[in-house]
Amino acid sequence: MPVTHAALVRRPFEGIPAERDLVAMRQLIPAATMSARTTPEHGVDGKAVDVTIATVLPLLWPAVRRSDGSVVIGLQATVPGGDLSRAFGQAIVQALALEPGQPVTALEVTEGSPRLQDVLDLTGDFPLTVHDSFSFWLDAAAERTAEVEAALAQSDESILPTAAIEGLPHAFWVDAGSKEHLRWVLDADEDAVIDAVARLHARRASGLGDGTRYVGSFRAEGLTVPVWDLPKGFGPEGVEAAAADLRDRFERALATTEPLTALERRARGGIVARQVTLR
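Asks: Quick rundown of the overall build of the chain? Include the residues and the values.
Replies: If you tally the helices and strands in the chain, you get 7 helices and 11 strands. Counting only C-alpha atoms and orienting by the principal axes, one finds that the chain spans roughly 65 × 45 × 30 Å. Residues counted as buried form 49% of the 279 residues belonging to the chain. If you take every contact in the chain between residues at least 6 apart in sequence, the share linking residues at least 24 apart comes to 64%. Carbon together with sulfur atoms contributes 50% to the accessible area of the chain, which is approximately 13800 Å² in total. One way to put it: in the chain the 27 positive side-chain charges average out to a point 10 Å from where the 39 negative ones average out.

Asks: Help me get a handle on unusual backbone geometry, residues and values and all.
Replies: Its identity as a non-glycine residue notwithstanding, Asp 45 has a phi of 55°, on the positive side. Looking at where Asp 45 falls in the secondary structure, it is placed in the loop between strand S1 (32-37) and strand S2 (50-54). A relative accessible area of 76% places Asp 45 in the exposed class. Despite not being glycine, Leu 60 has its phi angle at roughly 55°, a positive value. Mapped onto the secondary structure, Leu 60 falls in the loop between S2 and strand S3 (63-65).

Asks: A description of the packing of aromatic side chains should follow, citing residues and the corresponding values.
Replies: Throughout the structure, instances matching the rule amount to 6 aromatic pairs. Ring geometry for Phe 134 against Phe 136: centres 6.0 Å apart, planes inclined by 70°, an arrangement best described as edge-to-face. A relative accessible area of 12% places Phe 136 in the buried class. Measuring from ring centre to ring centre gives 6.0 Å for Trp 228 and Phe 250, while their planes differ by 70°; the resulting arrangement is edge-to-face. One end of the pair, Trp 228, is in strand S11 (residues 223-230); the other, Phe 250, is in helix H6 (residues 235-255), and 22 residues separate them in sequence.

Asks: Mind laying out the sheet that holds S1, listing which residues take part and the relevant values?
Replies: Here we have 6 strands laid out as an open sheet, ordered S5-S3-S4-S2-S1-S6, and mixed in their pairing. Each having just a single partner strand, strand S5 (103-104) and strand S6 (128-130) make up the two edges of the open sheet.

Asks: Describe the sheet that holds strand S8 (residues 171-175), and please don't skip the residues or the numbers.
Replies: An order of S7-S8-S9-S11-S10 is seen for the 5 strands of this open sheet, with the pairing classed as antiparallel. Edge positions in the sheet fall to strand S7 (162-164) and strand S10 (213-220), since each has one partner strand and no second. Strand-to-strand, the axes of this sheet are offset by a mean angle of 20°, without reference to chain direction. Bridge count between strand S9 (residues 180-184) and S11: 4 bridges; the pairing is antiparallel. Bridged to Glu 180 within S11 is Leu 230. Taken strand by strand, helix H5 (residues 190-202) contacts S10 and S11, and its axis lies near 170° from that of S10.

Procedures and definitions
Residues numbered from 1 in each chain as written. Predicted model: local features only at pLDDT ≥ 70, side-chain atom pairs only at ≥ 80, totals over all residues. Heavy atoms only, no water. Helix = DSSP H or I, 4+ residues; strand = E, 2+ residues; numbered from the N terminus. Buried < 20%, exposed > 50% of the residue type's maximum accessible area, 1.4 Å probe, protein only. Contact = heavy atoms within 4.5 Å. Areas by Shrake-Rupley, 256 points an atom, 1.4 Å probe, with all protein chains shown as cover. Lys, Arg positive; Asp, Glu negative; His and termini not counted. Charge placed at Lys NZ, Arg CZ, Asp CG, Glu CD. Phe/Tyr/Trp six-rings, centres within 6.5 Å; stacked < 30°, edge-to-face > 60°. Pairing = 2+ DSSP bridges. Axes fitted to C-alpha atoms, helices over the stretch in contact; angles between N-to-C directions.

Below, the structure is given as structure tokens:
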């Protein structure tokens, strides 16, 4: 039966090795792709099929089958039901039932639809690539006419410059125009993240350097994403330079189990009072 009001799965990508990057692709990154494969059982004729997990596809399609038989899914599509994993597992199933070169325009999610954890080979590496263009939309077999190039260039104008931070896994720098931000996807409880920031803030060590500051956190697909404001011109290079030190400080603070000191409690109160509601 169709799933239209299924219970919300708050952490839909749990169990997939790339969970934190999948959350970033769903919520944070404008243009990115990740390589994956189906299991042989969920492929074609008992053979695994290549899957490209993308941030978004044209017209917000949930999936498309390439001319070479591979599948691309778009994680930022609006999908039915309360379980993103089941919806995109179904997107792969429907795409593989199409002739090559055709998109999935609407999903038919049922209680029997498989989840991504069922469909994908979880032993893969799931490499993530952040792009500055939506050129990954184009099928290698498609003709790149002047009209296609013009439409692609127009779409590319909407992309906010974004970069993955090598020294801070699952963290992403973005130039949002008037400001730059660092957003770091963590597998940690939000209260524990705020406690960690409070411990650092009490020591004046919660930022990445001069002109940077922690501004709040938000929940995304069951994970916590703390956010820092950065001054214009800080750039991904500035984040990389501070990444190892921030990671060491933050992870040590996150692992601390002692009660907050009086100074840390005051810092926490200030953080909670000032915390911005972020999306």
